[in-house]
Amino acid sequence: MSEFWASAQLEPKKSYQYFVTFPEIGSFLIKGATLPAVEIGTIEADYTQYKFYYPGKMSWSPVEFTIYDVAGPQSAATKLQEILKDVGVQLAVNSNNKATMSKAAFAAKLGDIQITQLGTGGDTDVQGTWKLVNPIITSVNFGTHGYSDEGLIEVTVSIQYDWANYTAGA
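Sequence positions are assigned chain by chain, starting from 1 and proceeding in written order. In view of the model being predicted, local features appear only for residues whose pLDDT reaches at least 70, and side-chain atom pairs are presented and counted only at 80 or more, with totals across whole chains, interfaces and linings using the full set of residues. Hydrogens and water are ignored here; the side-chain numbers use all heavy atoms of the structure.

*Asks:* Explain the sheet that holds strand β2 (residues 29-33) to me, please; I cannot follow it from the model alone.
*Replies:* Note on sheets: strands pair through backbone hydrogen bonds, and any given pair is parallel or antiparallel. When DSSP finds two or more bridges between a pair of strands, those strands are recorded as paired. A run of DSSP states H or I qualifies as a helix once it reaches four residues; a run of E qualifies as a strand once it reaches two. Both are numbered from the N-terminal end. Strand order in the open sheet formed by four strands is β2-β5-β9-β8, with antiparallel pairing between adjacent strands. The outermost strands of the open sheet, each flanked by one partner alone, are β2 and β8 (136-141). Sheet twist, expressed as the mean angle between neighbouring strand axes with direction ignored, is 25°. The pairing of β2 with strand β5 (residues 63-68) spans four bridges and is classified as antiparallel. Residue L29 lies in a different strand from β5, and its bridge partner there is Y68. Here, residues are in contact when the closest pair of their heavy atoms is within 4.5 Å. In this analysis an axis means a line fitted to C-alpha atoms, helices contributing only their contacting stretch, and an angle means the value between N-to-C directions, from 0 to 180 degrees. Contacts from helix α2 (residues 76-86) reach β5, β8 and β9 (154-160), with the element oriented near 140° to β8.

*Asks:* Please clarify how the sheet that holds strand β7 (residues 122-133) should be interpreted in this entry.
*Replies:* Here four strands make up an open sheet; going across it, the order is β1-β6-β7-β10 and the pairing antiparallel. Each having just a single partner strand, β1 (18-21) and β10 (163-168) make up the two edges of the open sheet. Taking the axes of each pair of neighbouring strands and ignoring which way they run, one obtains an average angle of 25° across the sheet. With six bridges joining them, β7 and β10 adopt antiparallel strand pairing.

*Asks:* How should the side chain of S75 be read in this particular structure?
*Replies:* Within the secondary structure, S75 is located in the loop between β5 and α2. With a 1.4 Å probe rolled over the protein chains alone, any residue whose accessible area is under 20% of its type maximum counts as buried; one over 50% counts as exposed, and the rest are partly exposed. Overall, the relative accessible area of 7% leaves S75 in the buried class. Among residues more than four places away in sequence, those in contact with S75 are D69 and V70.

*Asks:* Please clarify how a nonpolar patch on the surface should be interpreted in this entry.
*Replies:* Patch definition: residues above 30% relative accessible area lacking any salt bridge, with like charges linked at up to 9 Å and the nonpolar side chains Val, Leu, Ile, Met, Phe, Trp and Tyr linked at up to 5 Å. The accessible surface values rely on the Shrake-Rupley method and a 1.4 Å probe; as for residues, cover is taken only from the protein chains in view. Salt bridges are defined as contacts in which a side-chain nitrogen from Lys or Arg sits within 4 Å of a carboxyl oxygen from Asp or Glu. A surface patch of nonpolar side chains, about 570 Å² in accessible area, is lined by I43, Y47, Y50, F52 and Y54. Listed by contribution, the elements that provide at least two residues to the nonpolar patch are β3 (37-47) and β4 (50-61). Residue contributions to the nonpolar patch peak at three residues, all from β4. Structurally, I43 can be placed in strand β3.

*Asks:* Sorry, what's going on with the packing of aromatic side chains here?
*Replies:* One pair of aromatic rings is described through two measures. These are the centre distance and the angle between the planes. Pairs were defined over the aromatic rings of Phe, Tyr and Trp, the Trp ring being its six-membered one, requiring ring centres within 6.5 Å. Orientation was assigned from the angle between planes: stacked under 30 degrees, edge-to-face over 60, tilted for the rest. Within this structure, the stated rule accounts for five aromatic pairs. Summarising the aromatic geometry, the rings of F22 and F28 are spaced 5.2 Å apart at their centres and angled 85° between planes, so their arrangement reads as edge-to-face. Relative accessible area serves as the criterion here: at 7%, F22 is assigned to the buried category. Ring geometry for Y50 versus F52: centroids 6.3 Å apart, planes at 45°, classification tilted.

*Asks:* What's the story with empty space enclosed by the protein in this structure? I'm lost.
*Replies:* Where empty space is left can be seen by rolling a probe of water-molecule size over the atoms. Here a cavity means grid points, on a 1 Å grid over the protein atoms only, where a 1.4 Å probe fits yet cannot get out; a pocket means an open set of points with protein on both sides within 12 Å along at least five of seven lines; lining residues are those with an atom within 4 Å of a point. Grid points are joined across faces, edges and corners, and a volume is the space filled by probe spheres set on the points. Summed over all chains, the structure comprises one cavity of 30 Å³ or more. Considered as a void within the structure, the largest cavity measures approximately 60 Å³ in volume. Surrounding the largest cavity, F22, I25, F28, F65, I67, L80, I83, L110, I137, V157 and I159 form its lining. Elements supplying a minimum of two residues to the lining of the largest cavity: β5, α2 and β9. For this scheme, ten residues count as nonpolar: Ala, Val, Leu, Ile, Met, Phe, Trp, Tyr, Cys and Pro. Four count as charged, namely Asp, Glu, Lys and Arg, and the remainder, Gly too, count as polar. Here the lining of the largest cavity is built from residues that sort into eleven nonpolar, no polar and no charged.

*Asks:* Mind showing me how you'd approach the pairing of β5 here?
*Replies:* The side chains of a regular strand alternate, residue by residue, between the two faces of the sheet. Taken together, the six bridges between β5 and β9 define a ladder with antiparallel strand orientation. The partner of V63 across the bridge, within β9, is I159.

Rendered as structure tokens:
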């Protein structure tokens, strides 16, 4: 590990050098993105006065994207409303409508979302790419207003996925 500090050739990945690709729906003005995370459950086995632990099921934690909303047709709120409508989210105005959301509709609409980490060379210096497989939007928070706040409207989207593939860059 001491080689890292002594070598000018080793470059750490920086949290602000990235971009997010939504292949089927275009782009958003992204403020932040969490990276995929894995949780491995444990199985506890009691034996006399001892406890032993074994690995259980693995699950992927949701990722969150924080998006700056903009005015006009590129509005994140408008795009997200359209996405939700396209995958089957409907207002309860007609009790005869029995349609519902499906995993296939989410996968087709969202595609494989990618989070690409960049190096100091920009777009040509890809350090690694995370690809979210079978993503599903699980929550959307369209932001807050406040008279005492001078900030921008931020939309937070939480996405669950079956797994994530990581491909290292050059």
